[in-house]
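# What the coordinates show
One-letter residues, chain by chain:
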Amino acid sequence: MRWASSPLIHTNCPTDAAVAAITVVAVGAAVTALARMNKSTTIEPKQKTCEACNGSGICGDCNGEGFILKKLSEEAAAKARQTAKTAATRYTAGLAKKWNYCPKCSGSRGCLVCDGRGTIK
C-alpha cells in the first residue's frame, strides 16, 4: 500500500494582510497627528515664585499650621514661673496656652497670595 503524499497547503488568510495594512495606516496617522499637535501647542510663560511663601504654598505666618499661639510677655512669664508650685508647672507656666486662628490665612493654612500653588502667573 502506497501512501499518497499530499503537499501541505498553507495559505494565509487574506484578512491578515488587510488588518496589518490598516494597523500601519492608523499608527502612521496617529504619529503625524501627534507631531502636528506638539508643534502647534504654545509654550506657557514661566511662572515666577511667590515671594510671600517662597514657593512653598503654605502660609508664612503660621507655617501651615492654621493657628498662632498667644505668647506671654517676659514679665508675665517670669511672674507665672515664680508663683508656680511644682517643677512641672514652673516649666510650663511661661509657655503659651491660648491660640487664635492665623490672621493672615484665616486658618486655611495655605498662602493667600498664590492660592497655595507656590507660583504666580
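Residues numbered from 1 in each chain as written. Predicted model: local features only at pLDDT ≥ 70, side-chain atom pairs only at ≥ 80, totals over all residues. Heavy atoms only, no water.

The next point concerns the overall build of the chain. Assigned secondary structure in the chain consists of 3 helices and 4 strands. Looking at the chain as a whole, 14% of its 121 residues are labelled buried. Within the chain, contacts between residues at least 6 apart in sequence are counted, and of these 78% link residues at least 24 apart. If you sum the accessible surface of the chain, you get close to 10,500 Å²; carbon and sulfur atoms cover 59% of it. (Helix = DSSP H or I, 4+ residues; strand = E, 2+ residues; numbered from the N terminus. Buried < 20%, exposed > 50% of the residue type's maximum accessible area, 1.4 Å probe, protein only. Contact = heavy atoms within 4.5 Å. Areas by Shrake-Rupley, 256 points an atom, 1.4 Å probe, with all protein chains shown as cover.)

Attention now moves to the packing of aromatic side chains. Here the distance between the centres and the angle between the planes together describe a pair of aromatic rings. Scanning all chains against the criterion turns up 2 aromatic pairs. Pairwise contacts between aromatic rings join Phe-67, Trp-99 and Tyr-101 into one cluster. (Phe/Tyr/Trp six-rings, centres within 6.5 Å; stacked < 30°, edge-to-face > 60°.)

This part takes up unusual backbone geometry. The phi dihedral of Asn-54 falls on the positive side, at around 60°, and the residue is not glycine. On the secondary structure map, Asn-54 appears in the loop between β1 (48-49) and β2 (67-69).

With that settled, consider a nonpolar patch on the surface. A cluster of nonpolar residues, Phe-67, Leu-69, Trp-99 and Tyr-101, forms a patch on the protein surface that exposes about 440 Å² of accessible area. Looking at the nonpolar patch, the elements with two or more residues in it are β2 and β3 (99-101). Tracing the backbone through its elements, the reader meets Trp-99 in strand β3. In this structure Trp-99 comes out as partly exposed when scored by relative accessible area, which is 45%. (Patch = residues over 30% accessible without salt bridge, like charges linked within 9 Å, V, L, I, M, F, W, Y side chains within 5 Å. Salt bridge = Lys/Arg side-chain N within 4 Å of Asp/Glu carboxyl O.)

The subject of this paragraph is the environment of Cys-50. By the element assignment, Cys-50 lies in the loop between β1 and β2. The spacing of Cys-50 and Val-113 is 63 residues in sequence and 7.5 Å in space, taken between C-alpha atoms. The contacts of Cys-50, once residues within four sequence positions are left out, are Gly-55, Cys-111, Val-113, Cys-114, Gly-118, Thr-119 and Ile-120.

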